[in-house]
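Read off the chains here:
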Amino acid sequence: CGPWASSGAPCCRTAPAVVMRSFAVAVAAAFASITSALGGDGFFANSLASSVASSSVNDRALFTIWPASAPSDKSGESASSEPQALEAQEEERELTRHVEHRDQTHRRTFTSSTVTTSTSSTSTSTTGPHVFGGKPTEEAFYGWLSVWRSKYQIGVWNANLTDPWESLLPKDLRGHPTRVVQSHGGAAGGVVTEGMGYGIMIEGLLAANGNKTALNLSLSMIKSWLAMVNGPDTAVQPLGGGMNATGSATQVNTWPYGISTVEWSHFKTGPAGVPAWKFPIDNAHIEGNEGSAADGDQDAVLGMVYTAKALGYPDDFVDMVIRTIISFASADLGFPDLYRTLPHGEKVYVPKLGSMWGGLLPPGGKYKTAQQAWCYSPGYFAPAHYRTFRDFLIKHWQKDFDDYMPPHSDGSPTTLDEMVQAFNSAIVSGYNLLWYSSCSSGTVSNWVGVKAPCEDEDALNCPGVPWAHTPYIGAEGGTCSSSGTEFGAFGADASRTAWRVAMDYVLYREESSRITIYDRQGSPDLEEIFGARRYLNRIVEQYRSSSTCDGGELGSCFRNTTSPYRMANAFDLKFNATHTTCHGVPNEPESWWAGFMAYPTFTAFVAPYDEIGAEQMTNWMDTFSSICNFSKVDVTDFTLGEEPEGAICLTSYFEASQAVISTMIMAGFVSPLEQESFSQAREKVKILKDEILPVLERVSASNAWLPPALGALGALAAMSMAAIRRRQRTSSAYSHLAEELPKSPSASGACESA
């Protein structure tokens with residue numbers, strides 16, 4: 001009973017039972033925390049903890065008899081928190097050393113139900129979540145992140161725009177400086193939504209993992225995005241993705257079809273939606289800047305969703321994100337009425353290339369395309385984004401949000417269910433178009449055709465099969481192109497397909513595993529199996545079979561050289577690369593030696609492949625990540641250091657964007673939206689450390705059995721903290737556990753009980 005015995009506390013008889021039960025709870029909690037942090041479900045441990053905790057002894061008795069700290073001189077006061085802060089800092093440093101040591105000596109292999117530490121060179125991974133790179137991949141990501149952030153500039157005036165009114169912004173955006181991404185080269189020079197989308201997506205994903213710097217950067221760029229949506233003072237406001245005419249951005253039945261902006265809010269905040277694709281806008285040549293670009297829009301919206309998570313989903317911020325998703329669905333997908341109907345009744349939405357062109361927009365009529373008709377880019381296809389938008393809508397929808405929805409052409413209201421179906425349809429159509437526009441090597445066409453005309457050019461929907469003649473436009477074999485890249489060739493626009501599909505596997509492993517493939521007439525082909533993993537495995541097999549080194553063996557590809565030429569053989573025509581052209585990709589690809597071509601293909605290794613073990617997949621990613629030497633790069637401020645050294649290590653805008661996104665995915669920084677945050681998991685372990693361990697330490701002096709047990713428990717807590725620190729960059733193996741259970745009342749009840 002120690003010093004409290006004289007106080008008359010009735011501890012002597014109850015102490016053994018309380019200590020033993022609390023110790024069992026602590027061990028079970030530590031075990032559950034470790035298994036959860038490492039990817040397991042902790043079912044056994046949680047059951048044990050629940051069983052022990054249900055004992056007849058009151059939990060609070062423990063803390064009444066043995067307080068967490070000695071009584072202070074003043075009632076209700078505790079000791080100074082400064083020593084605790086210093087202790088926490090030292091704990092962080094120590095745990096970092098633990099993680100670094102572990103990452104240098106171990107590789108973790110995930111399956112659907114277990115976690116193992118693997119050193120075998122022959123292991124395989126046939127199920128389970130994605131594989132990720134090791135320390136070299138993580139270091140490469142931080143290097144490329146530094147390069148990428150050097151493209152940021154303070155001030156939306158760089159886009160010739162004024163800051164939004166603070167009073168019209170969600171509260172979390174107020175007070176932040178505006179920030180833009182400055183791009184250079186090709187059609188993307190200036191401030192473009194592509195670069196802004198990359199920036200908001202990257203920082204939003206990192207912010208959701210607890211990175212405060214990333215959160216501030218994301219908020220600054222989202223604030224600039226809203227200024228872009230409103231448009232310049234010299235144009236009709238909000239300009240959004242419409243033309244410079246009243247109602248073009250906000251009314252569904254004006255040209256271009258759909259709404260690109262919801263200009264009002266129940267929270268009395270300003271317009272939200274998708275903006276014109278390029279700034280600054282010169283009114284004398286505004287036509288060249290008007291209209292949204294779907295690729296940048298969807299990346300920006302994904303970043304907003306993850307930023308909302310980082311903020312804890314404030315109501316006014318969620319409202320802004322909801323309005324932006326609605327605008328994206330309407331302007332860039334054609335919701336609610338721009339679709340085709342397959343023979344068995346399935347509605348097919350084809351992602352457009354922007355609010356004014358692409359997809360199913362016809363060459364004539366009321367809603368005619370502004371550029372080439374029936375054109376589509378597989379590199380714009382972002383299935384993980386669409387699923388995330390869908391799930392965000394479902395989780396956060398409120399009745400008032402119905403007021404923001406665009407009506408059907410006949411004036412009837414649209415519903416949340418219809419928008420959810422539109423996102424699901426865009427995923428299916430996107431994978432079908434990928435099926436018909438790719439080769440066995442994983443190469444895919446920049447631009448392909450989706451011709452499915454209606455008899456009446458003013459009609460928005462009718463029966464038709466968009467991929468009936470893909471990759472060509474119609475039976476006549478027409479072609480299309482844009483952005484300076486070639487039709488039917490694997491190039492700068494198509495290269496992004498790999499990392500977009502890799503994100504689908506990382507975030508929606510089960511759902512992305514099998515997609516219904518339809519034949520040219522629009523009937524389901526049940527014999528074909530296709531999805532994210534199968535597409536990514538094509539790229540992995542191309543590297544495995546065509547490289548003249550084994551990237552799964554560290555050092556093999558750089559033996560006696562710093563050049564990655566042995567891996568280039570997989571896609572470089574100069575080295576007689578095979579399977580880079582086919583019916584779906586009829587023209588020769590761009591050079592693998594461009595970083596924007598090579599880096600996205602590396603992300604394919606996140607999806608398990610039966611022919612290569614998980615450790616070898618990790619080694620392949622580490623091999624790719626070692627192409628560039630970042631030893632002289634200042635990872636906190638790129639301008640203070642030197643350029644990375646290596647063969648495909650250019651730091652220009654587009655090269656850097658593809659490299660930083662690809663290494664971010666490979667390093668494990670892309671996590672499912674509803675995965676438990678690092679801070680939440682860490683708090684569970686701190687309860688173990690700060691409340692239970694001190695109690696047990698006080699009674700250990702008179703119990704010889706307890707010190708060894710406390711040592712083991714302390715080790716468990718340290719291991720758990722280290723694992724949790726790593727988990728913030730790792731996908732959960734069990735995000736879809738509930739979905740995998742049988743859909744019966746008893747199963748549902750058991751799930752809620754668990």
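For the structure itself, consult the block above.
Computed from a predicted model, the values in this text were never measured in an experiment.

What counts, and at which threshold
- Residues numbered from 1 in each chain as written.
- Predicted model: local features only at pLDDT ≥ 70, side-chain atom pairs only at ≥ 80, totals over all residues.
- Heavy atoms only, no water.
- Helix = DSSP H or I, 4+ residues; strand = E, 2+ residues; numbered from the N terminus.
- Buried < 20%, exposed > 50% of the residue type's maximum accessible area, 1.4 Å probe, protein only.
- Contact = heavy atoms within 4.5 Å.
- Areas by Shrake-Rupley, 256 points an atom, 1.4 Å probe, with all protein chains shown as cover.
- Patch = residues over 30% accessible without salt bridge, like charges linked within 9 Å, V, L, I, M, F, W, Y side chains within 5 Å.
- Salt bridge = Lys/Arg side-chain N within 4 Å of Asp/Glu carboxyl O.
- Lys, Arg positive; Asp, Glu negative; His and termini not counted.
- Charge placed at Lys NZ, Arg CZ, Asp CG, Glu CD.
- Core = buried A, V, L, I, M, F, W, Y, C linked by side-chain atoms within 4.5 Å.
- Disulfide = S-S within 2.5 Å.
- Axes fitted to C-alpha atoms, helices over the stretch in contact; angles between N-to-C directions.
- Parallel < 35°, antiparallel > 145°, perpendicular 65-115°, else oblique.
- Left-handed = near helix turned anticlockwise from the far one by under 90°.
- Nonpolar A, V, L, I, M, F, W, Y, C, P; charged D, E, K, R; others polar.
- Phe/Tyr/Trp six-rings, centres within 6.5 Å; stacked < 30°, edge-to-face > 60°.
- Lys NZ or Arg CZ within 6 Å of the ring centre and 35° of its normal.
- Pairing = 2+ DSSP bridges.
- Expected span 1.5 Å × (residues − 1).
- Polar contact = N/O pair within 3.5 Å; in protein donor to acceptor, adjacent residues only side chain to side chain.

Time to look at the overall build of the protein chain. Across its full length, the protein chain holds 21 helices and 13 strands. When the 754 residues of the protein chain are sorted by exposure, 58% land in the buried category. The long-range fraction of contacts in the protein chain, counting pairs at least 24 apart against all pairs at least 6 apart in sequence, stands at 74%. A total accessible area of about 29700 Å² is found for the protein chain, and carbon and sulfur atoms account for 53% of it.

A contiguous patch of negative charge, built from Glu 455, Asp 456, Glu 457 and Asp 458, is present on the exposed surface. Structurally, Asp 456 can be placed in the loop between β12 (448-449) and β13 (461-463).

What follows covers the nonpolar core. Judged by nonpolar contacts, the single largest core of 175 residues is most densely connected at Phe 392, Phe 423, Met 503 and Tyr 543. Residues within four places of Met 503 in sequence aside, it is in contact with Met 201, Leu 205, Leu 302, Ala 384, His 385, Tyr 508, Ile 665 and Val 670. Within the second largest apolar cluster, eleven residues are counted, among which are Trp 357, Ala 373, Trp 374 and Phe 487.

A word on the state of the cysteines. What the rule picks out here adds up to five disulfides. Put simply, Cys 375 and Cys 480 are joined by a disulfide, and their sulfur atoms are 2.0 Å apart. Residues Cys 375 and Cys 480 are joined through a disulfide that is right-handed, its torsion about the S-S bond being 80°. Here Cys 480 lies in the loop between β13 and α12 (497-507) and Cys 375 lies in strand β11 (residues 375-376), a separation of 105 residues in the sequence. Overall, the relative accessible area of 2% leaves Cys 480 in the buried class. Sulfur-sulfur distance for the disulfide between Cys 439 and Cys 582 comes to 2.1 Å. Looking along the S-S bond of the Cys 439-Cys 582 disulfide, the torsion reads about -100°, which is the left-handed sense. Note that Cys 439 is positioned in the loop between α11 (416-435) and β12 and Cys 582 in the loop between α14 (565-568) and α15 (595-602), a separation of 143 residues in sequence. Classification of Cys 582 by relative accessible area gives partly exposed; the value is 29%.

So, on to unusual backbone geometry. Residue Pro 336 follows Phe 335 across a cis peptide bond; omega there is 15°. Structurally, Pro 336 can be placed in the loop between α9 (315-333) and β9 (339-341). Here Thr 470 and Pro 471 are connected by a cis peptide whose omega angle stands at 15°. Within the secondary structure layout, Pro 471 lies in the loop between β13 and α12. The backbone of Tyr 313 shows a phi angle near 60°, a positive value even though the residue is not glycine. Its place among the elements puts Tyr 313 in the loop between α8 (294-311) and α9.

Our focus in this paragraph is the pattern of salt bridges. Per the stated rule, a full pass over the model turns up 19 salt bridges. Residues Arg 390 and Asp 391 are paired through a salt bridge, measuring 2.8 Å at the closest nitrogen-oxygen approach. Asp 610 is the salt-bridge partner of Arg 533, the closest N and O atoms lying 3.1 Å from each other. Of the two residues, Arg 533 is situated in helix α13 (residues 532-546) and Asp 610 in the loop between α15 and α16 (614-625); the sequence distance between them amounts to 77 residues.

Their axes nearest at 14 Å, the elements α8 and α12 cross at an angle of 30°. Comparing the axis directions of α8 and α12 gives the class roughly parallel. Here α8 runs over α12; the crossing is left-handed. Packed against α8, whose contacting residues are Asp 295, Gln 298, Asp 299, Leu 302 and Tyr 306, the element α12 presents Trp 499, Arg 500, Met 503 and Leu 507 at the interface. Class assignment of the residues belonging to the contact of α8 with α12 gives a composition of five nonpolar, one polar and three charged.

Here the focus is the packing of aromatic side chains. Taken as a whole and judged by the stated rule, the model has 42 aromatic pairs. Measuring from ring centre to ring centre gives 6.0 Å for Tyr 543 and Phe 605, while their planes differ by 50°; the resulting arrangement is tilted. One end of the pair, Tyr 543, is in helix α13; the other, Phe 605, is in the loop between α15 and α16, with 62 residues separating them in the sequence. Each member of the pair, Tyr 543 together with Phe 605, is buried. The rings of Trp 144, Phe 490, Tyr 543, Phe 571, Trp 592, Trp 593, Tyr 599, Phe 602, Phe 605, Trp 620, Phe 624 and Phe 630 are connected pair by pair, giving a single aromatic cluster. Between Arg 323 and the ring centre of Tyr 404, over which it is positioned, the NZ or CZ distance is 6.0 Å.

Further remarks concern the sheet that holds strand β10 (residues 347-348). Two strands in a sheet stick together by hydrogen bonds in their backbones, pointing the same way (parallel) or opposite ways (antiparallel). With mixed pairing, the three strands of this open sheet are ordered in space as β10-β9-β13. Where the open sheet ends on each side, the last strands, each with one partner, are β10 and β13. Both β9 and β13 contribute to a ladder of three bridges, which runs parallel. Opposite Thr 341, over in β13, you have Pro 463 as the bridge partner.

The subject of this paragraph is α9. Quick reminder: α-helices carry 3.6 residues per turn. Residues three or four places apart thus point the same way. Its 19 residues place the ends of α9 26 Å apart at the C-alpha level, agreeing with the 27 Å of an ideal helix rising 1.5 Å per residue. Downstream of α9 by one or two residues, Gly 334 has phi in the positive range, about 90°.

A few words now on helix α7 (residues 212-230). Counted at 1.5 Å a residue, the expected span for α7 with its 19 residues is 27 Å, and the 28 Å between its end C-alpha atoms agrees. Counted residue by residue, α7 has 15 buried out of 19 residues, so it is predominantly covered. A distance of 3.1 Å separates the backbone nitrogen of Thr 213 from a side-chain oxygen at the start of α7, and that oxygen is part of Asn 211. Just past α7, the residue Gly 231 takes up positive phi, approximately 90°.

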